[in-house]
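# Examination of the molecular architecture
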Amino acid sequence: MKLSDVRKKYLDFFEKKGHKIVPSASLLPENDPTTLFTGSGMQPMVQYLLGQAHPLGKRITNSQTCFRAQDIDEVGDNRHTTFFEMLGNWSLGDYFKEEQIGWIFEFLTKEIRLDPNKLFVTVFRGNESLGIPRDSESVELWKKAFAEVGIDAVDVDFSERDGMQSGRIFYFDETKNWWSRSGVPENMPVGEPGGPDSEMFWDFGEELKLHENSRFKDEQCHVNCDCGRFLEIGNNVFMQYKKTETGFEALPNKNVDFGGGLERITAAINNTPDIFLIDAFDQARKEIESIIGKKYNDNDDFKFNFRVILDHIRASVFLIADGVTPSNKDQGYFVRRLIRRAVRFGHKLEIQDFFCSQIAQSLIDAYKNNYPKLEKQTKIILDKLNEEEKKFLKTLSKGEREFEKIFSEHGKISGQDAFLLYATFGFPLELTEEMAQEKGQKIDKQIFSEEFGKHQNLSRAGSTEKFIGGLADHSTETVKLHTATHMLNQALRIVLGDHVFQRGSNITHQRLRFDFSHPDRLTDEQIKQVESIVNENIQKNLPVHFEILDLETAKQKGAIGVFDDKYAQLGGKIKVYFIGESFSKEVCGGPHVENTGELGRFKIQKEESVGSGVRRIKASLN
Ligand code: SER
């Protein structure tokens, strides 16, 4: 059965049960500053679960596109993806456990004919200290449903040691059978809705656990273990609580939030434990096979690489269609990471040419009937993928050159060097390791992680300290004004002389404020000159880039700025930003725009004195 058939059957089934079908919301949440992506079907529904009336009533059904950035490193096995579709049916204060368990069982076993003998379920075992009872009500309902198909469903408490215990219904604690956007009860912020849940699993058969390479073959199996035998295909959340200062209170309504992985359910119907074998990936998989002249099934390493490429490109296609552009910030950062990882895994399969857009086109074709926006935006999607792939290949070759340079100078590559390659060129550690290995060397990963940790602490300190490096925030406007400040600094030095040094800087998203050493008021003529130097260089579309240099080299290259700026320090070296080849070179922690062309028109609003020998300029961009 095809992915689109399963989606349709599900939506039709719940429509017949009185639900209104709503389209998927964007992957970029609206009005939800707490998260970058829609990661569950529940996110766009939160306000209704909290009690607001839904314009279409109390029964809603949908297939929501989701992106879980946190799963990126899990991708490669037979079932994890960053992007997926979540089938959802919602009771907003209408039906509850009885209908939900009855209907979903009917859907799975009658509508799409999954064998009930291969279905297993879990329920919440209760937690006295939270005041949430054991969910024996759901257990009774499951028993009844199974009994109707002649199965005596035994309920047992989960035990790591005893495994399956011939059970069909398992009680687990809140780490497994509780759902909220922020996970377990103790992590939920006050006001957050959540509740106990009951999950369903499909059994692909013992051979998956027992095959000879399985590290699980001597362990007790259970539905939540990682051996690959059981696949979670759906989750009934009984959303009925709200977190308070002291514990939980009942929500105004008892709600149901069912979420089922569309790809996983399709995999179960086709009895293939590998979700990358469902029809939506067929064409894209074949494209990769034809590029490399080898088959997906040839060996397990191949599969891993294929899966990363398939998942990451599919996620990028949908994210770009929802308006994300690869960049260094926010959502854009994740798309950049997805594309770069896909290219890197392509590299492992020895793909030489550009390939992302070819794979993307096959995925667009597979999904366009259900997601017409993909077809409409094909050009944008393919262009962005191509651009990013090109950029990354440049990064790779720059990194490779730098690697060779370091190696020939020092005769080895240290953990610190590996970090510098990573921080400066975005050159992945794994590649550094591979290249080192070719030279018979090993990278000290411990040192790499220490450097990484130091850098992270620094940037964390950076983001909590207000006005760090003079920046109020890292919004686009603020970043633009930051680049403009470097240009202003340089223009002042050209017009007034080399005695001009920065004495202070404070940038918000509306204006920059720059204090500098200079004894006299600026004449109108000087102000005009400074403005036109900045504007001329904006119009030249100068690229902005940084280099990580040691102190001496930075000075030799004529960089200006505060050389002990802690935000510009990286592994004993400093970061210097260049605007154009040589228009401006300044020690700085960033961030900056990529090209001066992004800045618009620069205008000085005010020039005044702030004490002896220091002048202040306020300026804006529009
Ligand atoms: N919110 C639940 C989940 O994401 C069910 O939709 O698993």
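So, here's what we can say about the structure. As the structure is a computational prediction, the values presented were derived from the model and not from experiment. One numbering rule holds for all chains: residues counted from 1, following each sequence as written. The model is predicted, so local features are restricted to residues of pLDDT at least 70 and side-chain atom pairs to those at 80 or more, both for listing and for counting; the totals for chains, interfaces and linings are taken over all residues. The side-chain figures draw on all heavy atoms in the structure; neither hydrogens nor water molecules are used.

This paragraph deals with the sheet that holds strand 17 (residues 602–609). Pairing between the strands of a sheet is mediated by backbone hydrogen bonds and can be parallel or antiparallel. Pairing within the open sheet is antiparallel, and its 4 strands lie in the order 11-12-18-17. Each edge of the sheet is formed by a strand with only one pairing partner; in this case those strands are strand 11 (502–507) and strand 17. Taking each pair of neighbouring strands and ignoring which way they run, the sheet shows an average axis angle of 20 degrees. Two strands pair when backbone bridges link them, and strand 12 (residues 512–517) and strand 18 (residues 614–621) are joined in this way by 6 bridges, in the antiparallel orientation. Note on strand 18: the bridge partner recorded for Asp-515 is Arg-616. Sheet contacts for helix 16 (residues 476–496): strand 11, strand 12, strand 17 and strand 18; angle to strand 12, the most-contacted strand, approximately 30 degrees. Pairs of strands are assigned from DSSP output, requiring at least two bridges between the strands. Secondary structure elements follow DSSP: runs of H or I of four or more residues count as helices, runs of E of two or more count as strands, with numbering from the N terminus. Orientation is described by axes fitted as lines to C-alpha atoms, over the contacting stretch for helices, and by angles from 0 to 180 degrees between their N-to-C directions. Throughout, a residue-residue contact means that at least one pair of heavy atoms, one from each residue, lies within 4.5 Å.

Now for the site of the ligand. The rule for a residue being near a molecule or strand is that one of its heavy atoms must lie within 4 Å of it. What surrounds the ligand is the set Ser-40, Met-42, Arg-68, Met-86, Trp-179, Asn-235, Val-237, Asp-257, Phe-258 and Gly-259. We define a polar contact as two N or O atoms separated by no more than 3.5 Å, with the added condition that, inside protein, one atom must be a possible hydrogen donor and the other a possible acceptor, whereas residues neighbouring each other in sequence contribute only through side-chain atom pairs. Trp-179 is positioned with one of its side-chain polar atoms (N or O) 3.3 Å from an oxygen atom of the ligand. The contact in question runs from an oxygen atom of the ligand to an N or O atom on the side chain of Asn-235, over 3.5 Å. Taken by itself the ligand offers 230 Å² of open surface, and the protein chains cover 96% of this. Listed by contribution, the elements that provide at least two residues to the shell around the ligand are strand 9 (230–243) and strand 10 (248–261). Among the elements that line the shell around the ligand, the one with the most residues is strand 10, at 3 residues. Partitioning the shell around the ligand into residue classes produces 5 nonpolar, 3 polar and 2 charged. Residue exposure ignores everything except the shown protein chains as possible cover, and the areas themselves are Shrake-Rupley values with a 1.4 Å probe. When residues are grouped by polarity, Ala, Val, Leu, Ile, Met, Phe, Trp, Tyr, Cys and Pro land in nonpolar, Asp, Glu, Lys and Arg in charged, and all others, Gly among them, in polar.

Note on definitions: salt bridges are taken to be side-chain nitrogens of Lys or Arg within 4 Å of carboxyl oxygens of Asp or Glu. The tally for this structure, following the rule as stated, stands at 35 salt bridges. Note that Glu-192 and Arg-181 form a salt bridge whose closest N and O atoms lie 2.7 Å from each other. Of this pair, Glu-192 sits in the loop between strand 7 (178–180) and strand 8 (193–203) while Arg-181 sits in the loop between strand 7 and strand 8, and the two are 11 residues apart along the sequence. One salt-bridge network, in which partners are shared between bridges, spans Lys-97, Asp-135 and Glu-137.

Right, let's talk about the packing of helix 7 (residues 282–292) against helix 10 (residues 356–367) for a bit. One can describe the packing of helix 7 onto helix 10 by two numbers: an axis separation of 8 Å at closest approach and a directional angle of 155 degrees. Here helix 7 is positioned roughly antiparallel relative to helix 10, judged by the angle of their axes. Remark: the crossing between helix 7 and helix 10 carries right-handed chirality. Listed contacts from helix 10 to Gln-283, Ala-284, Glu-287, Ile-288 and Ile-291 of helix 7 are Gln-358, Ile-359, Ser-362 and Leu-363. Residue composition of the contact of helix 7 with helix 10, by class: 5 nonpolar, 3 polar and 1 charged. Small angles under 35 degrees read as roughly parallel and large ones over 145 as roughly antiparallel, with 65 to 115 read as roughly perpendicular and the rest as oblique. Definitions for this section: a left-handed crossing has its near helix turned counterclockwise from the far helix by less than a right angle. A right-handed crossing has that turn clockwise.

On to the environment of Ser-290. The topology assignment puts Ser-290 in helix 7. Between the C-alpha atoms of Ser-290 and Lys-144, which are 146 residues apart in sequence, the distance is 51 Å.

The definition of a nonpolar core used throughout is a set of buried Ala, Val, Leu, Ile, Met, Phe, Trp, Tyr and Cys residues joined through side-chain atoms within 4.5 Å. Relative accessibility decides the category of a residue: with a 1.4 Å probe and only protein chains considered, values under 20% of the type maximum give buried, values over 50% give exposed, and everything between is partly exposed. With 108 residues, the main nonpolar core has Phe-67, Trp-142, Ile-233, Ile-313 and Leu-374 as its most contacted residues. Broken down by element, this core gets its largest block of residues, 12 residues, from helix 8 (residues 300–321). Look past the residues within four positions of Trp-142 in its chain and what remains in contact with it is Ile-101, Ile-104, Phe-105, Val-121, Val-123, Ile-169, Ser-198, Met-200 and Asn-236.

Attention now moves to the environment of Asn-117. Position of Asn-117 relative to the elements: it lies in the loop between helix 3 (97–111) and strand 4 (119–124). What makes Asn-117 partly exposed here is its relative accessible area of 44%. For the pair Asn-117 and Phe-146, spaced 29 residues apart in sequence, the C-alpha separation works out to 8.9 Å. The residues contacting Asn-117, other than those within four sequence positions of it, are Ile-151 and Arg-168.

On to the packing of aromatic side chains. The description of two aromatic rings rests on the distance between their centres and on the angle between their planes. Side-chain rings of Phe, Tyr and Trp, where Trp is taken by its six-membered ring, are said to pair if the distance between their centres is within 6.5 Å; with planes under 30 degrees apart they count as stacked, over 60 as edge-to-face, and otherwise as tilted. Counting across every chain of the model gives 33 aromatic pairs. Arranged with centres 6.1 Å apart and planes meeting at 40 degrees, the rings of Phe-419 and Tyr-422 form a pair that is tilted. Of this pair, Phe-419 and Tyr-422 are both found in helix 13 (residues 415–425), 3 residues apart, which corresponds to roughly one turn of the helix. According to the relative accessible area criterion, Phe-419 is buried, its value standing at 1%. Their ring planes at 15 degrees and their centres at 5.9 Å tell us that Phe-514 and Phe-516 sit as a pair that is stacked. Accessibility assignment for this pair places Phe-514 and Phe-516 in one class, buried. Taken together, the ring pairs in this structure connect Tyr-10, Phe-13, Phe-14, Tyr-95, Trp-103, Phe-107 and Phe-258 into an aromatic cluster. Over the aromatic face of Phe-120 sits the side chain of Arg-168, whose NZ or CZ is 4.5 Å from the ring centroid. Lying across the ring of Tyr-296, Arg-285 places its NZ or CZ 5.7 Å from the centre. Criterion for a charge above a ring: Arg CZ or Lys NZ at most 6 Å from the ring centre, at most 35 degrees from the ring normal.

Moving on, we come to empty space enclosed by the protein. Each cavity reported here is a set of points on a 1 Å grid over the protein atoms alone in which a 1.4 Å probe fits but cannot get out, each pocket an open set with protein on both sides within 12 Å along at least five of seven lines, and each lining residue one with an atom within 4 Å of a point. Grid points are joined across faces, edges and corners, and a volume is the space filled by probe spheres set on the points. Summed over the entire model, instances satisfying the criterion amount to 1 cavity of 30 Å³ or more. Size it by volume and the largest cavity reaches roughly 40 Å³. Along its surface, the largest cavity is lined by Ile-104, Phe-105, Leu-108, Leu-119, Phe-120, Val-121, Trp-142, Phe-146 and Met-200. Taken together, the elements giving at least two residues each to the lining of the largest cavity come down to helix 3, strand 4 and helix 4 (136–148). Residue composition of the lining of the largest cavity, grouped by class: 9 nonpolar, no polar and no charged.

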